Amino acid sequence: MEVAKRSYGVDVSDWQASNLSAMATAGAKYALVKVSEGLNYQNPKAPVQVNSANANGMMTAGYHYAHFSASRSQAVLEGNYAVSSAKQAGIVPGSYLACDYEEGSGNSTTQGNGATTADAILAFMDTVASAGYKPLLYSGKEILTKRVDVKKVTDKYGTCLWIASYEYKSGTRLDNPDFEWFPSMDNVAIWQFTDNWKGLNVDGNISLVDLKTNGKPVTQPSKPAAVKQSAPQSWVDEIGDTWYKEEGKFYPNGTINIRYGARTTSDIIGTVTKGDCVKYDAYSRHGGYVWIRQPRADGEPGFLVCRQGNDPWGRFE
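No experiment lies behind these values; they were computed from the predicted model shown.

Trainee: Just to check I follow, could you spell out the pairing of strand E2 (residues 8–12) for this structure?
Mentor: Sheet faces and side chains relate simply in a regular strand, where the side chains alternate between the two faces. Counting buried positions along E2 yields four of five residues, so the element is predominantly enclosed. Across four bridges, E2 lies against strand E10 (residues 203–207) in antiparallel orientation. In the strand pairing of E10, Gly9 is matched with Asn205.

Here's what the structure looks like:
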């Protein structure tokens with residue numbers, strides 16, 4: 001299948017509807033469907049979203065939200081997990097499969113230097129390429145230019161970047177990209193230019209090159225060595241939320257309430273503000289938020305939101 005450059009497309013996750021017909025009617029020619037995250041999450045809507053995209057004549061592709069930070073071995077594990085998840089969702093080899101590399105929700109863009117971070121990203125991309133998929137790299141321009149040796153990635157995979165850059169105009173919905181706002185970078189294949197395309201509460205994208213899928217494996221010089229996967233350290237609490245063990249530091253962008261429980265209705269026991277450092281030992285994604293757990297001196301942990309949807313409320317180390 002081929003989609004011409006300057007075509008519109010959407011990317012969807014479990015936050016969006018299962019039926020993509022309204023997006024296709026609005027002019028979307030392709031859909032990038034979230035298939036997985038880390039090593040323990042698969043989008044439950046992905047198979048239905050892929051089927052809907054196919055039924056509406058859209059090119060289907062997948063993406064995986066990375067948790068591997070700067071670890072090459074973890075990136076290989078996540079690459080294999082993404083491939084398995086893509087196949088289960090109905091996204092066949094020969095399709096695009098992107099690495100969504102952002103800050104937060106289990107991923108740190110500051111753990112390595114530009115070269116080691118690029119090596120980890122390449123380990124993921126090599127893994128999906130060896131399985132026959134066409135790898136893409138999604139992120140914002142600031143992360144790619146300041147924290148990743150992006151040239152190392154594009155030297156190997158060419159025009160493979162899927163860049164997010166929004167022009168926010170108060171009270172104005174952006175349905176068409178303003179190319180005067182384009183994030184000037186080389187090797188951009190897709191530009192995500194808005195988070196509410198056509199009022200459908202879905203990210204809007206435009207392709208800058210012809211997108212082609214053929215269902216045939218992509219030639220890859222060498223297959224990464226298999227890495228033994230360790231079981232993720234996770235548990236379900238007494239109210240049914242799944243938590244994942246992770247130690248780190250969170251620096252909020254503004255004032256955030258600390259609560260007795262991981263609910264916005266839980267009692268407030270304190271606040272943190274910009275400039276504070278919150279040490280946390282676990283995180284959970286539920287109810288539209290990502291929560292982190294803060295160990296406290298009295299033995300009773302505090303809980304605070306660090307991310308709403310895909311929007312971080314600070315930075316992580």
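That covers the picture; the talk isn't over yet.
Trainee: Explain the packing of helix H4 (residues 114–130) against helix H6 (residues 150–157) to me, please; I cannot follow it from the model alone.
Mentor: Packed helices, taken two at a time, are described by their axes: the angle between them and the distance between them. Running from amino to carboxyl end, H4 crosses H6 at an angle of 25 degrees, the nearest separation of the two axes being 8 Å. Here H4 lies roughly parallel to H6, going by the angle between them. Seen along the crossing, H4 lies across H6 with a hand that is right-handed. Facing H4, whose interface residues are Ala115, Ala118, Asp119, Ile121, Leu122, Met125, Asp126 and Ala129, H6 presents Lys152, Val153, Lys156 and Tyr157. Along the lines of polarity and charge, the residues of the contact of H4 with H6 split into eight nonpolar, no polar and four charged.

Trainee: Mind showing me how you'd approach empty space enclosed by the protein here?
Mentor: In this approach, a probe sized like a water molecule rolls over the atoms, and the result shows the empty space that is left. Under the definition given, this model contains two cavities of 30 Å³ or more. The volume enclosed by the largest cavity comes to roughly 40 Å³. Around the largest cavity, the lining residues are Tyr30, Ala31, Leu32, Met59, Thr60, Ala61, Tyr96, Ile190 and Leu211. If you list the elements that add at least two residues to the lining of the largest cavity, you get strand E3 (30–37) and strand E5 (59–65). Residue composition of the lining of the largest cavity, by class: eight nonpolar, one polar and no charged. A volume near 30 Å³ is recorded for the second largest cavity. Every residue lining the second largest cavity is listed: Ser165, Glu167, Leu174, Asn176, Pro177, Asp178, Trp181, Trp191 and Phe193. Along the lines of polarity and charge, the residues of the lining of the second largest cavity split into five nonpolar, two polar and two charged.

Trainee: Sorry, what's going on with H4 here?
Mentor: Think of an α-helix as turning once every 3.6 residues; residues three or four places apart then point the same way. For H4, with 17 residues, the first-to-last C-alpha span of 24 Å sits near the 24 Å given by 1.5 Å per residue. Taking burial as the measure, the 17 residues of H4 include 12 buried ones, the bulk of the element. Among all positions in H4, only Thr117, Ala118, Ala120, Ile121, Leu122, Ala123, Phe124, Met125, Asp126, Thr127, Val128 and Ala129 are buried. Those residues of H4 hidden inside the fold are in contact with E5, helix H3 (72–89), strand E6 (96–100), strand E7 (134–140) and H6. For H4, the side-chain oxygen to backbone nitrogen distance between the N-cap and Ala115 is 3.0 Å, and the N-cap itself is Asn113. Of the residues flanking the end of H4, it is Gly132, one or two places downstream, whose phi is positive at about 100 degrees.

The rules we used
Residues numbered from 1 in each chain as written. Predicted model: local features only at pLDDT ≥ 70, side-chain atom pairs only at ≥ 80, totals over all residues. Heavy atoms only, no water. Buried < 20%, exposed > 50% of the residue type's maximum accessible area, 1.4 Å probe, protein only. Helix = DSSP H or I, 4+ residues; strand = E, 2+ residues; numbered from the N terminus. Pairing = 2+ DSSP bridges. Axes fitted to C-alpha atoms, helices over the stretch in contact; angles between N-to-C directions. Parallel < 35°, antiparallel > 145°, perpendicular 65-115°, else oblique. Left-handed = near helix turned anticlockwise from the far one by under 90°. Contact = heavy atoms within 4.5 Å. Nonpolar A, V, L, I, M, F, W, Y, C, P; charged D, E, K, R; others polar. 1 Å grid on protein atoms, 1.4 Å probe; cavity = no way out; pocket = protein on both sides within 12 Å on 5 of 7 lines; lining within 4 Å. Points joined across faces, edges and corners; volume = space filled by probe spheres on them. Expected span 1.5 Å × (residues − 1). Polar contact = N/O pair within 3.5 Å; in protein donor to acceptor, adjacent residues only side chain to side chain.

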